[in-house]
Amino acid sequence: QVQLVESGGGLVQAGGSLRLSCAASGIIFRINAMGWYRQAPGKQRELVATISSGGGSTSYVDSVKGRFTISRDNAKNTVYLQMNSLKSEDTAVYYCNTAPATRLSWGQGTQVTVSS
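Residues numbered from 1 in each chain as written. Predicted model: local features only at pLDDT ≥ 70, side-chain atom pairs only at ≥ 80, totals over all residues. Heavy atoms only, no water.

Comments concerning the sheet that holds strand 6 (residues 58-60)
Ordered in space as 2-10-9-4-5-6, the six strands form an open sheet in which the pairing is mixed. Across the chains shown, the open sheet's two edge strands, defined by having one partner strand only, are strand 2 (10-13) and strand 6. Going from strand to strand, the sheet's axes swing by 25° on average, the running direction of each strand aside. When strand 4 (residues 34-39) meets strand 9 (residues 92-98), the two strands line up antiparallel, connected through six bridges. Looking at the pairing, methionine 34 lines up with threonine 98 of strand 9. (Pairing = 2+ DSSP bridges. Helix = DSSP H or I, 4+ residues; strand = E, 2+ residues; numbered from the N terminus. Axes fitted to C-alpha atoms, helices over the stretch in contact; angles between N-to-C directions.)

Take a look at the structure:
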């Protein structure tokens, strides 16, 4: 059973930065594209960033383009999300999973709160 463990969230002022990490177990991580998702209170979970299995291709939802950077280290079975110039609307619980189709059980997520 593959487990996903997200970390790195916290409380930050608008304009600040955070780096999220997601550690996964097993070979399924290395052969799949991975994504970062977020769910704000009262809203549906949305995919905000995707990275190919080898890390050579990335994509972002328009609202985070130019501010967020997704990366991965397959040797460590870890995917990262560098978030800069954070805005209050980025406040959400952030999760990782395979992308665009989610194939793994969701982890507990990591809370990101941006104060304005």
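Moving on from the model shown.
Remarks on the pairing of strand 3 (residues 18-24)
A large share of strand 3 lies buried, amounting to five of its seven residues. Summarising the sheet, strand 3 and strand 8 (residues 78-83) pair through six bridges and their orientation is antiparallel. Bridging across to strand 8, alanine 23 finds its partner in threonine 78. (Buried < 20%, exposed > 50% of the residue type's maximum accessible area, 1.4 Å probe, protein only.)

What to know about the nonpolar core
Counting 27 residues, the largest nonpolar core has Trp36, Val79, Leu81, Met83 and Tyr94 as its most contacted members. At the level of elements, strand 3, strand 4, strand 5 (46-51), strand 7 (68-73), strand 8, strand 9 and strand 10 (110-115) are the ones that each hand at least two residues to this core. Per-element accounting of this core gives the leading share, four residues, to strand 3. With sequence-adjacent residues up to four places away left out, leucine 81 is seen in contact with Leu18, Arg19, Leu20, Trp36, Ala49, Phe68, Thr69, Ile70 and Tyr94. (Core = buried A, V, L, I, M, F, W, Y, C linked by side-chain atoms within 4.5 Å. Contact = heavy atoms within 4.5 Å.)

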